[in-house]
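# Analysis of the macromolecular model
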Amino acid sequence: MVGLTLTSVSKRFGETRAVEAVDLSVADGEFLAVLGPSGCGKTTLLRLIAGFERLDQGTIHLGDLLASAPERHLPTEDRRIGIVFQSYALWPHMTVAGNVGYPLRVQKVRGSDYDRRVAAALQTVGLTGLEERRPAELSGGQRQRVALARCMVMEPRIVLLDEPLANLDVHLRAAMEDEFAEFHANTGATMVYITHDQAEAMTLADRIAVMDGGRLAQVAQPRDLYRKPENDMVAGFIGQGAIVPGHVSSLLRDGRCAATVLGRDFVLRCAPGQQPGAVRVCLRPEDLSLAPEGSIPGRAVRLTYKGGVTAVDIAPEADPEARLQLTLLDKRAPAKGEAVRLTLQDGWVIPAA
Ligand SMILES: Nc1ncnc2c1ncn2[C@@H]1O[C@H](COP(=O)(O)OP(=O)(O)OP(=O)(O)O)[C@@H](O)[C@H]1O
Ligand SMILES: [Mg+2]
């Protein structure tokens, strides 16, 4: 396997800037998730890497190999990239083994080499014993594993997956997430995994690239994406929470600053080099708690039962249009309309754009 480097990659469809000036490096063996709202350019990015689309600007390298540039376009079949789509695209009339071996037969691989590679791919995805079944005789998860084996049989340099679990129910998704994680650990494959399910991205990925309007909004480890979003888009898109106005008065040590939020003074986390002045602050549910002596008065305006816990939206008195969110055990949840007081333990100053 090899890594992947995109430099200033842009792709337009007419007036639509589907992918715009994307710089991205994926390390050899890394699991990168690409996350973002519908239409933000995820599939286009993947199709550019696979060579299904030509780029307008920039370069794509697979390891040291220049695969895409405006004046150069390596055909898909010469890229040795494995691709798994949401729809498994299996041949219904072929057996499991036949489907998995199909790309090998296209490449004229025959005999013992063929048999060995099909058996190895089926073993990797745990389908040994089901060789003679047809796709209609398999569960959704098993079909997706056939698609994965068919991708692995070509010994790809890089594996691209476009929402591979989107058609599966929640229980099967969870089981398949475990299998993808295992598959990644076993093969050391470089994987680029598109999803719009952030829990899935958080579970699986070494790093997550968040896309917005064709651009990369932030690329970071899941924890940093959640705790230190670089802009409003990522703060609002990843996880739950509120974005409220604030004012930084001074920088303290260790990535902290003194700031005013909702009319009160707090110590918040901030990026190095944060300047004093007006800012926007990201407050996660776990940054807030209910306490009789809390300095932020407000009112519970919405309760959403989440099974054992309740998500509570609070309108703070200082800014009644804002909505602070916290999650409480059921028995601790206030009634709708009840006046409450909150304390703030933590918060993140979103860096200026
Ligand atoms: N072949 C095409 N011709 C014209 N416009 C296209 C084409 N393919 C994609 N687009 C447009 O480019 C933008 C990005 O599309 P893309 O399919 O990459 O989004 P996505 O992030 O994969 O969305 P989703 O989450 O819905 O799958 C969209 O505005 C889409 O309408
Ligand atoms: Mg898509």
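Look up a bit, the structure's there.
Not measured: the values here are computed from a predicted model. (Residues numbered from 1 in each chain as written. Chains lettered and ligands numbered in written order. Predicted model: local features only at pLDDT ≥ 70, side-chain atom pairs only at ≥ 80, totals over all residues. Heavy atoms only, no water.)

### Concerning helix α5 (residues 170-187)
With 18 residues, α5 should reach 26 Å at 1.5 Å per residue; the first-to-last C-alpha distance of 25 Å fits that figure. Those residues of α5 that are buried are in contact with β3 (31-35), α3 (111-124), α4 (140-152), β8 (158-162), β9 (190-195) and α6 (198-204). Where α5 ends, the next residue or the one after it, G188, has phi of about 65°, a positive value. (Helix = DSSP H or I, 4+ residues; strand = E, 2+ residues; numbered from the N terminus. Expected span 1.5 Å × (residues − 1). Contact = heavy atoms within 4.5 Å.)

### Some thoughts on the site of ligand 1
Every residue near ligand 1 is listed here: F13, T16, A18, P37, S38, G39, C40, G41, K42, T43, T44 and H196. In this structure, K42 approaches ligand 1 through a side-chain N or O atom, which is 2.7 Å from an oxygen atom. Breaking the shell around ligand 1 down by element, the ones donating at least two residues are β2 (16-26) and α1 (42-50). Counting residues per element, the shell around ligand 1 draws most heavily on α1, which supplies three residues. When its residues are assigned to classes, the shell around ligand 1 shows four nonpolar, seven polar and one charged. (Near = heavy atom within 4 Å. Polar contact = N/O pair within 3.5 Å; in protein donor to acceptor, adjacent residues only side chain to side chain. Nonpolar A, V, L, I, M, F, W, Y, C, P; charged D, E, K, R; others polar.)

### Side note on the packing of α4 against α5
For the pair α4 and α5, the least separation of the axes is 11 Å and the interaxial angle reads 20°. What the angle tells us is that α4 and α5 run roughly parallel. For α4 against α5, the interelement crossing comes out right-handed. Facing α4, whose interface residues are G140, G141, Q144, R145, L148 and M152, α5 presents L172, M176, E179, F180, F183 and T187. Residue composition of the contact of α4 with α5, grouped by class: six nonpolar, four polar and two charged. (Axes fitted to C-alpha atoms, helices over the stretch in contact; angles between N-to-C directions. Parallel < 35°, antiparallel > 145°, perpendicular 65-115°, else oblique. Left-handed = near helix turned anticlockwise from the far one by under 90°.)

### So, unusual backbone geometry
Positive phi, close to 65°, is recorded for K108, a residue that is not glycine. Here K108 falls in the exposed class, since its relative accessible area comes to 63%. (Buried < 20%, exposed > 50% of the residue type's maximum accessible area, 1.4 Å probe, protein only.)

### Focus: the side chain of T190
Along the chain, the position of T190 falls in strand β9. Since its relative accessible area comes to 0%, T190 is described here as buried. One polar contact links the side chain of T190 to the main-chain amide nitrogen of G29, over a distance of 2.8 Å.

### Re the sheet that holds strand β18 (residues 309-316)
With respect to topology, five strands assemble into an open sheet ordered β16-β20-β17-β18-β19, the strand pairing being antiparallel. Edge positions in the sheet fall to β16 (288-290) and β19 (324-329), since each has one partner strand and no second. For this sheet, the mean inter-axis angle between neighbouring strands, taken without regard to orientation, is 45°. Of the pairings in the sheet, the one linking strand β17 (residues 296-305) to β18 comprises seven bridges and is antiparallel in character. Bridging across to β18, Y305 finds its partner in T310. (Pairing = 2+ DSSP bridges.)

### Some points on α4
The terminal C-alpha atoms of α4 lie 19 Å apart, and with 13 residues this matches the ideal 18 Å at 1.5 Å per residue to within 8%. In terms of burial, α4 is largely enclosed, as eleven of its 13 residues are buried. Along α4, the residues classified as buried are G141, Q142, Q144, R145, V146, A147, L148, A149, R150, C151 and M152. Lining the buried residues of α4 we find β7 (81-84), α2 (96-106), α3, β8 and α5.

### Some remarks on the packing of aromatic side chains
Tallied over the entire structure, the rule returns three aromatic pairs. Taking the centre distance of 5.5 Å and the plane angle of 45° together, the rings of F31 and Y193 count as tilted. Taken as a pair, F31 in strand β3 and Y193 in strand β9 lie far apart in primary sequence, 162 residues in all. For F31, a relative accessible area of 1% puts it in the buried group. Looking at Y193, the relative accessible area reads 0%, which means it is buried. (Phe/Tyr/Trp six-rings, centres within 6.5 Å; stacked < 30°, edge-to-face > 60°.)

### As for the layout of surface pockets
Here the largest pocket defines a volume of roughly 700 Å³. If you go around the largest pocket, you meet 20 residues; those closest to its centre are I81, I83, P103, R150 and M154. Of all the secondary-structure elements, those providing two or more residues to the lining of the largest pocket are β7, α2 and α4. Residues belonging to the lining of the largest pocket are distributed by class as follows: twelve nonpolar, three polar and five charged. Considering the residues around the second largest pocket, the lining is formed by eleven residues, among which T124, M152, V153, E155 and P156 are closest to the centre. Per element, the largest residue contribution to the lining of the second largest pocket is five residues, and it comes from α3. Taken together, the residues that form the lining of the second largest pocket break down as six nonpolar, two polar and three charged. (1 Å grid on protein atoms, 1.4 Å probe; cavity = no way out; pocket = protein on both sides within 12 Å on 5 of 7 lines; lining within 4 Å. Points joined across faces, edges and corners; volume = space filled by probe spheres on them.)

### Observations concerning the pairing of strand β11 (residues 215-220)
Bridge count between strand β10 (residues 207-212) and β11: five bridges; the pairing is antiparallel. Pairing of I208 across the sheet is with A220, part of β11. Linking two consecutive strands that pair antiparallel, namely β10 and β11, is a turn of two residues; a positive phi of about 55° is found at G213 within it.

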